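An overview of the molecular structure
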Amino acid sequence: MQQEHWDVSYTEETAGTRLSFHCWPSSRLEATRCVAPIGALYTPLKKLPPSCAPPTALQYDPIRCSAATCHAVLNPYCQVDFRTKLWVCPFCLTRNHFPPHYAENISENNLPAELIPQFGTCEYELPNVPPALPPAFVFCIDTCAPVEELAELADSIQQILNLLPEDSLVGLITFGTNVQVHEIGFGGLPKAYVIRGNKEYKPDKVSQLLGCSPAAGGKGGGAPPPPAPPGQQQQPNGMPPQQQTYESPGQQVLRRFILPVSECSMTVESILEDLRKDPWPVPSDKRVARCTGCAMSVATSLLDLALPRSGARLMMFVGGPCTSGPGSIVSRLKTEALRSHADISRNAEPLHKPACEFYAKLAKRNHLPAGKKGSTTQAAANASATSSHVVDVFACSLDQVGMLEMAELVEATGGQMVLGDSFGQSVFKESLRRVFRTFEPDVPEDGGKMQMAFGATLEVLTSREFKVSGAIGPVTSLGKKSPNVSDLEVGKGGTNAWSLGGVDPGTTVAIYFDITNPGTSPLPEGKRRFIQFLTKYQHANGRTRLRATTLCGPWSNPPPGEGEKRAPQQPGVNGYNGNMEQPSPVKMSFDQEAAAVLLARVAVNRTASEDVADVLRWVDRSLIRLCSKFADYVPDDPNSFRLAPEFSLFPQFVFHLRRSQFLQLFNSSPDEAAYYRYILNRENATNSLVMIQPTLLSYSFNGPPQPALLDSQSVRPDTILLLDTFFHVVVFHGETCAAWREQRYHEQEEHAAFRDLLEAPQADAQTIMDNRFPVPRYIVCDQHKSEARFLMAKLNPSQTHNSEGGGGAQVFTDDVSLRVFMEHLMKLAVQS
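Scope of this entry: the structure provided in the associated data block. It should be emphasised that the depicted structure is a prediction, and the values quoted were computed from it without experimental measurement.

1. A word on the overall build of the protein chain
Helix and strand counts for the protein chain stand at 24 helices and 29 strands. Within the protein chain, the fraction of its 832 residues that count as buried is 56%. Counting only contacts in the protein chain whose residues sit at least 6 apart along the sequence, the fraction spanning at least 24 positions is 71%. For the protein chain, the exposed area adds up to about 35,700 Å²; of that, 53% sits on carbon and sulfur atoms.

Shown next as structure tokens:
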């Protein structure tokens with residue numbers, strides 16, 4: 001199937017997938033020449049229209065291929081022999097028998113859902129997996145924050161308690177100098193266990209300190225049991241004979257510390273209302289003692305004890321840097337500054353590496369081999385999968401809090417990050433509410449249920465001509481070796497299966513592929529490639545589901561003799577050029593938006609191990625080679641350079657990527673850089689592109705709102721601009737519009753048109769913010785005022801302080817403009 005024009009967004013609507021190329025080169029050499037990464041952006045939980053997938057989950061186990069190295073799920077691309085009741089797996093070509101209940105009823109006119117041609121995605125609710133407990137939410141609150149901040153935070157959490165389903169489980173931990181674990185199952189008066197905040201606590205130790213050891217009141221060190229009533233014999237463990245029932249540590253935690261919200265909401269709300277700032281005195285020359293790392297280790301241990309295989313969220317609310325115990329990022333002495341990018345690059349920050357190692361160990365702790373024999377709590381901890389417990393970090397502070405160090409733990413568990421200035425901001429309040437979003441009531445089967453899911457894993461199967469290089473996103477390798485795993489690693493490679501942890505309908509993973517077919521053996525005409533994504537996760541209703549998405553696409557063999565005709569020093573001859581040759585299907589199937597996001601994720605991933613300057617050089621070389629390959633031009637003549645529509649926007653995406661906060665560390669803290677990069681690595685193609693190249697709308701009296709170029713030329717005194725950078729939504733008033741507003745013309749009836757002009761961008765900004773997580777910061781500013789920098793920093797500097805003449809506003813920068821960037825690109829791309 002060779003198409004002249006491809007609908008590159010079709011697979012996103014029908015399968016939740018965007019591919020960089022829809023028609024793939026058939027050999028490794030040709031794939032290398034394509035330069036752009038060959039990969040897919042996959043959104044595992046995207047809600048699909050009923051025409052593309054069954055409207056509800058199928059209530060039976062999937063039929064799988066019998067080959068030991070395959071186990072692919074039955075899909076519409078399988079060849080079916082209705083006479084012999086066999087099906088052929090498109091991945092390994094194994095012939096499989098249908099089970100009896102399929103074989104009896106299947107026919108060309110009576111197909112099961114998974115074989116209906118348009119159902120490339122099917123979701124199964126696995127009946128043989130027992131349902132898990134309702135999801136648990138442990139709120140971990142930093143009491144070192146100012147009193148006003150604590151009041152705002154307590155109010156937000158109280159609102160959340162009213163949104164939760166009644167059977168949801170809730171726990172509460174507060175921390176400052178020490179950690180307080182609140183026993184919300186204890187009626188009558190508030191009761192909390194205070195744990196010193198100077199070290200890490202594993203599940204065994206937490207169980208002992210909370211009096212939840214296997215034999216309460218015995219050697220475990222728990223609270224002593226009450227005395228027996230008169231006339232009853234006291235047993236060695238202190239309990240009357242009729243009450244001697246074994247209660248595991250996890251059951252004790254669920255009875256005392258983590259309870260259904262319907263039973264403990266009043267207790268939790270009363271504790272929140274009485275929340276006080278940490279009482280420990282703080283000398284004027286020191287920072288407060290904040291034991292964030294210790295609190296996190298206690299909370300994760302509590303969840304490991306109580307809910308080893310059930311979904312849970314640990315929600316950390318942090319108001320400043322960790323200064324005490326494990327995970328500390330700065331000394332308590334105010335004379336020592338928080339780490340900067342320069343400190344980290346020079347290895348001049350002694351606390352950074354130990355803090356990173358602590359949080360990484362916390363992420364991997366449950367995968368370590370079992371400890372001492374007979375240790376019940378350790379066995380429980382090791383049995384649990386880290387991915388079932390999600391760690392979210394809500395940081396609201398004008399200072400850094402250590403998000404850079406915590407990022408690996410949040411990423412390993414599939415958690416959320418929110419960065420704000422205050423717990424009273426809508427950025428925090430509304431973002432917290434949106435974590436608990438539910439499906440619309442009219443959604444079949446899932447209506448009214450929470451959108452979040454837990455314990456997700458992703459496995460990728462491929463046909464034999466290509467392999468999986470790796471994944472970039474909120475994933476952790478499961479170390480599964482398979483024949484379709486490539487030696488060439490991108491991101492988290494060396495496996496074809498990953499743990500995603502917590503997922504929601506917006507979580508998107510980038511998967512990269514390596515075409516391994518040698519160029520010496522061209523593929524048969526009509527040969528197809530197949531990819532299957534298998535996502536297993538725990539739904540909010542406690543049931544385990546498996547979603548299977550199968551994609552099929554064509555290969556493109558180079559025309560005979562192409563290799564000899566196109567020498568490396570004569571690129572660009574495979575498109576519409578001077579000889580009007582037929583364009584290659586690979587070129588026509590390019591999705592420049594998906595390719596830009598896939599390239600951006602690779603670049604951001606490389607910044608973790610390489611210098612940013614080296615990453616920028618790699619990005620530049622990749623763009624030059626891509627244009628040399630796919631542009632049409634006469635060698636050594638930059639004026640003849642032309643890009644086809646499929647590639648025309650790609651250079652400007654790269655231009656804005658180079659200037660973005662993802663690759664430019666100027667004017668951002670290490671925490672901000674980690675936050676921005678984490679969000680980029682989990683969002684879908686559309687949102688990621690808005691981060692890379694923000695959108696700009698222009699409002700004027702000349703007509704309806706118009707998309708404007710992201711250029712300083714778009715700034716006019718009589719226009720209002722609406723900038724969406726994903727993290728900020730900026731309404732920018734030109735100089736004249738701002739002066740009219742200050743003179744209150746919009747309050748006069750005869751200037752109703754001006755009033756409408758002022759209100760239109762604000763209404764559109766609200767629409768943008770209504771559907772986004774995290775909620776962006778809303779900024780209203782005027783030309784030449786300080787907050788105008790949020791807009792001016794994103795514009796292409798076509799007019800600078802060094803320019804002469806021209807319209808628009810001047811941008812005070814030494815950065816090159818898009819025009820200069822393109823001139824250099826054309827000059828380098830056409831060099832023979």
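2. Brief notes about the nonpolar core
Membership of the largest hydrophobic core comes to 133 residues, with the highest contact counts inside it found for Val179, Ile258, Ile511 and Phe513. A total of 10 residues in this core trace back to one element, the largest contributor, which is helix α16 (residues 592-606). Beyond its immediate chain neighbours, meaning those up to four positions away, Ile258 contacts Ala136, Val138, Leu169, Val170, Gly171, Val253, Leu302, Leu303 and Ala306. Of all hydrophobic cores here, the second largest spans 38 residues; its members include Val170, Ile271, Phe436 and Ala540.

3. Details of the packing of aromatic side chains
Scanning all chains against the criterion turns up 32 aromatic pairs. Taking the centre distance of 5.0 Å and the plane angle of 50° together, the rings of Phe21 and Phe590 count as tilted. Residue Phe21 is located in the loop between β1 (17-19) and β2 (24-25), and its partner Phe590 is located in the loop between α15 (585-588) and α16; the two are separated by 569 residues in the primary sequence. The same class applies to Phe21 as to Phe590, namely buried.

4. Overview of the side chain of Ser463
Its place among the elements puts Ser463 in the loop between β16 (453-462) and β17 (466-472). On the basis of relative accessibility, which here comes to 4%, the residue Ser463 falls in the buried class. Looking at Ser463, its side chain comes within polar contact range of the main-chain nitrogen of Phe530, at 3.0 Å. In this view, Ser463 contacts Pro90, Phe91, Arg529 and Phe530; residues no more than four positions away in its chain are not counted.

5. Looking at the pattern of salt bridges
Going through the model one piece at a time under the given rule, you end up with 40 salt bridges. We note a salt bridge from Glu787 to Arg777, for which the minimum N-O separation is 3.6 Å. Of this pair, Glu787 sits in the loop between β29 (777-782) and α23 (789-792) while Arg777 sits in strand β29, and the two are 10 residues apart along the sequence. A relative accessible area of 27% means that Glu787 is categorised as partly exposed. Via salt bridges that share partners, Lys47, Glu123, Glu125, Glu445, Asp446, Arg545 and Arg547 belong to a single interconnected network.

6. Brief notes about helix α13 (residues 426-435)
The buried fraction of α13 is high, at 7 of 10 residues. Those residues of α13 lying buried are Val427, Phe428, Lys429, Ser431, Leu432, Arg434 and Val435. In this fold, the buried residues of α13 make contact with α4 (147-163), β13 (312-318), β14 (389-396), β15 (417-420), α22 (752-770) and β29.

7. Section: the environment of Leu546
Mapped onto the fold, Leu546 is located in strand β22 (residues 544-556). The class of Leu546 is buried, set by a relative accessible area of 4%. With 89 residues separating them along the chain, Leu546 and Thr457 place their C-alpha atoms 9.5 Å apart. Those residues in contact with Leu546, other than ones at most four positions away along the chain, are Pro62, Arg64, Val73, Cys122, Glu123, Tyr124, Leu126, Leu534, Thr535 and Lys536.

8. Observations regarding the sheet that holds strand β28 (residues 728-733)
Strand order across the open sheet formed by 5 strands is β26-β25-β27-β28-β29, with mixed pairing between neighbours. Only two strands of the sheet have a single partner each, and these edge strands are β26 (703-707) and β29. Strand-to-strand twist across the sheet, computed as the mean angle between neighbouring axes with direction ignored, equals 15°. As paired elements, strand β25 (residues 695-700) and strand β27 (residues 720-724) share 5 bridges and run antiparallel to each other. Paired with Thr695 across the strands is Asp724, a residue of β27.

9. Topic: unusual backbone geometry
Cis peptide bonds are those with omega within 30 degrees of zero, and the linkage from Phe773 to Pro774 qualifies with -10°. Of note, Pro774 is situated in the loop between α22 and β29. Its identity as a non-glycine residue notwithstanding, Leu93 has a phi of 65°, on the positive side. By the element assignment, Leu93 lies in the loop between β5 (86-88) and β6 (95-97). Notably, Asp636 is not glycine yet its phi reads approximately 65°, a positive angle. Looking at the element boundaries, Asp636 is found in the loop between β23 (632-634) and β24 (637-642).

10. Examining the pairing of β26
Bridge count between β25 and β26: 3 bridges; the pairing is antiparallel. Among the inter-strand pairings, Leu697 is bridged to a residue of β26, identified as Pro707.

11. Some words on the state of the cysteines
Going through the model one piece at a time under the given rule, you end up with 0 disulfides. Take Cys65: it sits in no disulfide, and the sulfur closest to it among the cysteines is that of Cys92, at 3.5 Å.

12. With respect to α4
With 17 residues, α4 extends 25 Å from end C-alpha to end C-alpha; this agrees with the ideal 24 Å at 1.5 Å per step. When we look at burial in α4, the residues that qualify are Glu149, Leu150, Leu153, Ala154, Ser156, Ile157, Gln158, Ile160 and Leu161. Lining the buried residues of α4 we find β8 (136-142), β9 (169-175), α7 (261-273), β13, β14 and α13.

Reading the values: the criteria
Residues numbered from 1 in each chain as written. Predicted model: local features only at pLDDT ≥ 70, side-chain atom pairs only at ≥ 80, totals over all residues. Heavy atoms only, no water. Helix = DSSP H or I, 4+ residues; strand = E, 2+ residues; numbered from the N terminus. Buried < 20%, exposed > 50% of the residue type's maximum accessible area, 1.4 Å probe, protein only. Contact = heavy atoms within 4.5 Å. Areas by Shrake-Rupley, 256 points an atom, 1.4 Å probe, with all protein chains shown as cover. Core = buried A, V, L, I, M, F, W, Y, C linked by side-chain atoms within 4.5 Å. Phe/Tyr/Trp six-rings, centres within 6.5 Å; stacked < 30°, edge-to-face > 60°. Polar contact = N/O pair within 3.5 Å; in protein donor to acceptor, adjacent residues only side chain to side chain. Salt bridge = Lys/Arg side-chain N within 4 Å of Asp/Glu carboxyl O. Pairing = 2+ DSSP bridges. Axes fitted to C-alpha atoms, helices over the stretch in contact; angles between N-to-C directions. Disulfide = S-S within 2.5 Å. Expected span 1.5 Å × (residues − 1).

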